[in-house]
Amino acid sequence: MTNKTAVTSAPILSVLAERWSPRAYDKSYQLTQNELVSILEAGRWAPSANNAQPTRYFVVTREDKNHAAIASTLAGWNQAWAPDASAIILVGVESTNADGNVNPFANYDAGQAVAHLSVQAHELGLHVHQMAGLDIAKAAEILEVPENIHLIVSAVVGKIAPADTLEGPLHEREVAPRTRKSLDDIVLYGRP
């Protein structure tokens, strides 16, 4: 397997430094119930504004009758590799609070929840790859998503496979070094 440990300017937790988003997944691996519950629990316990907990998950495993249909809602190259993962998780939010007012932090809270889910998955020896490219309307129709929930992103989870299971540009991206902008580029006030 390709070593993708982040080169950081200061030490960070190894689970964070080692977490990355592969495209090569073991198509024979099935998530255990314990693994699935564990990663969803991590998402459930993520912080949320006013403890509103607006994040909702729709888990579609390879064995699910809707798997092929949901995989077809993914954009571009994602359709070539994402179906090999053990599950596709569509993430939505209840965009209004219990009082009916719009929750302006719903998407932010969902981002935190998926980040927690991703880190927990990595701790379990799994990998998550988040994808914005998704036909939201089609996916919502297939899964009969309630009207008060808006899908915002999808992610796959599973066991990593060797990079050589991918070809062409997908393989090149899989083996390319990880890069990030420097702290000088992203910390605009109070620089370390």
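Definitions and limits used
Residues numbered from 1 in each chain as written. Predicted model: local features only at pLDDT ≥ 70, side-chain atom pairs only at ≥ 80, totals over all residues. Heavy atoms only, no water. Helix = DSSP H or I, 4+ residues; strand = E, 2+ residues; numbered from the N terminus. Buried < 20%, exposed > 50% of the residue type's maximum accessible area, 1.4 Å probe, protein only. Pairing = 2+ DSSP bridges. Axes fitted to C-alpha atoms, helices over the stretch in contact; angles between N-to-C directions. Contact = heavy atoms within 4.5 Å. Salt bridge = Lys/Arg side-chain N within 4 Å of Asp/Glu carboxyl O. Core = buried A, V, L, I, M, F, W, Y, C linked by side-chain atoms within 4.5 Å. Left-handed = near helix turned anticlockwise from the far one by under 90°.

**Some details on unusual backbone geometry**
Point 1. Positive phi values are uncommon outside glycine, yet N50 reaches one of about 55°.
Point 2. The topology assignment puts N50 in the loop between helix 2 (33-44) and strand 1 (55-61).
Point 3. On the basis of relative accessibility, which here comes to 78%, the residue N50 falls in the exposed class.
Point 4. For N51, which is not glycine, the phi torsion reads 55° and is therefore positive.

**What to know about the sheet that holds strand 4 (residues 149-158)**
Two modes of strand pairing occur in sheets, parallel and antiparallel, and in both the strands are linked by backbone hydrogen bonds.
Point 1. One open sheet holds the 4 strands; their spatial order is 1-2-4-3, and the pairing between them is antiparallel. The sheet is open, and its two edges are formed by strand 1 and strand 3 (127-131), each paired on a single side. Strand-to-strand twist in this sheet, taken as the mean axis angle between neighbours without regard to direction, amounts to 25°.
Point 2. Here 8 bridges tie strand 2 (residues 87-94) to strand 4, and the two strands are oriented antiparallel to one another. Paired with G92 across the strands is L151, a residue of strand 4.
Point 3. On top of the sheet, helix 2 reaches strand 1, strand 2 and strand 4; it is set at about 165° to strand 1, its chief contact.

**A few points about the pattern of salt bridges**
Point 1. Counted by the stated rule, this structure contains 2 salt bridges.
Point 2. In this structure, E41 engages R44 in a salt bridge whose closest nitrogen and oxygen atoms are separated by 2.9 Å. Of the two residues, E41 and R44 both sit in helix 2, 3 residues apart, roughly one turn of that helix.
Point 3. For E41, a relative accessible area of 31% puts it in the partly exposed group.
Point 4. In this structure, the salt-bridge partner of R56 is E94, at a minimum N-O distance of 3.2 Å. Of this pair, R56 sits in strand 1 while E94 sits in strand 2, and the two are 38 residues apart along the sequence.
Point 5. The class of R56 is partly exposed, set by a relative accessible area of 27%.
Point 6. Judged by its relative accessible area of 24%, E94 falls in the partly exposed class.

**Side note on the nonpolar core**
Point 1. Judged by nonpolar contacts, the single largest core of 23 residues is most densely connected at F58, I70, W81, I88, L90, L143 and V156.
Point 2. Of all the secondary-structure elements, those providing two or more residues to this core are strand 1, helix 3 (67-71), strand 2, helix 6 (136-143) and strand 4.
Point 3. Ranked by residue count, the leading element in this core is strand 4, at 3 residues.
Point 4. Counting residues in hydrophobic clusters, the runner-up holds 18 residues, among them L36, L117, V128 and V157.

**Thoughts on the packing of helix 2 against helix 5 (residues 106-123)**
Point 1. Following both chains from N to C, one finds helix 2 and helix 5 inclined at 145°, their axes separated by 7 Å at the closest point. In the crossing of helix 2 with helix 5, the sense of the turn from one axis to the other is right-handed. Contact residues: helix 2 offers S38, I39, L40, A42 and G43, while helix 5 offers A113, H116, L117, Q120 and A121.

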